[in-house]
Amino acid sequence: MKVILTQDIRGKGKRGQMIEVSDGYARNYLLPKKLAQEANADNVNTMKMNDKATAERQAKERAEAMDISKKMKDFTVTVTAKGGGAGRLFGSVTNTEIAEALEQQQKIKLDKRKIVLDEPIKTTGLYTVKCKLGYEITGDLKVEVKEA
């Protein structure tokens, strides 16, 4: 019997995938627990429409990530932090502070977890920070740290 999975099932397939299973497994386990639905014409058509909508959404998100990556090359984000003189800071500049400065200065909202710092920024100066924008697209962001 052909069924369309409504949830990921280990060893069988992912959500939205059409698979062939034995009649007993489908009738006694998958269908009663709503882990799958029978692959009739309506459900197959719905599955195809969902796949198409997902592909369009992913293409749009990928284009937005590419656009943000290109924009990041052109500007520098300035972050001010308390310092103790001689270019040293009290504490360090975190990815949260960089994300907030990016949103304030360039109106680009980026999750702090997408900003990757190789090591903590503890001195003033100009740094290059990697940003993972999704879909294997990364962008380099120039961050200038100034003492307050």
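In what follows, the accompanying structure is described. Numbering of residues begins from 1 in every chain and follows the order in which that chain's sequence is written. Local features in this predicted model are restricted to residues of pLDDT 70 or higher, and side-chain atom pairs are both shown and tallied only at a pLDDT of 80 or more, whereas totals for entire chains, interfaces and linings draw on every residue. Here the side-chain values reflect all heavy atoms present in the structure, with hydrogen atoms and water set aside.

1. Focus: the sheet that holds strand β1 (residues 2-5)
At least two bridges found by DSSP between two strands are what make those strands a pair. By definition, any uninterrupted DSSP run of H or I lasting at least four residues is a helix, any uninterrupted run of E lasting at least two residues is a strand, and each is numbered from the N terminus. What the three strands build is an open sheet, ordered β2-β1-β3; its pairing is antiparallel. Each of the sheet's edge strands pairs with one partner strand only, and the pair in question is β2 (18-20) and β3 (36-38). Taking each pair of neighbouring strands and ignoring which way they run, the sheet shows an average axis angle of 40°. Pairing geometry for β1 and β3, over three bridges, is antiparallel. Note that in β3 the partner of V3 across the bridge is E38. Between two residues, a contact is recorded if the distance between any of their heavy atoms is within 4.5 Å. Fitted lines through C-alpha atoms give the axes, limited to the stretch in contact for helices. The angle between two N-to-C directions lies from 0 to 180 degrees. Running at roughly 40° to β1, helix α2 (residues 41-72) makes contact with β1, β2 and β3 of the sheet.

2. Observations regarding the sheet that holds strand β7 (residues 115-116)
The strand order across the open sheet built from four strands is β4-β10-β9-β7, with neighbouring strands paired in mixed fashion. With one partner strand each, in any of the chains shown, β4 (76-81) and β7 form the two edges of the open sheet. Alignment of β7 against strand β9 (residues 125-134), held across two bridges, turns out to be antiparallel. The partner of V116 across the bridge, within β9, is K130. Seen against the sheet, α2 touches β9 and β10 (137-147) and runs at an angle of roughly 40° to β10. Each of β4, β7, β9 and β10 touches helix α3 (residues 95-106); the most contacted strand, β4, lies at about 125° to it.

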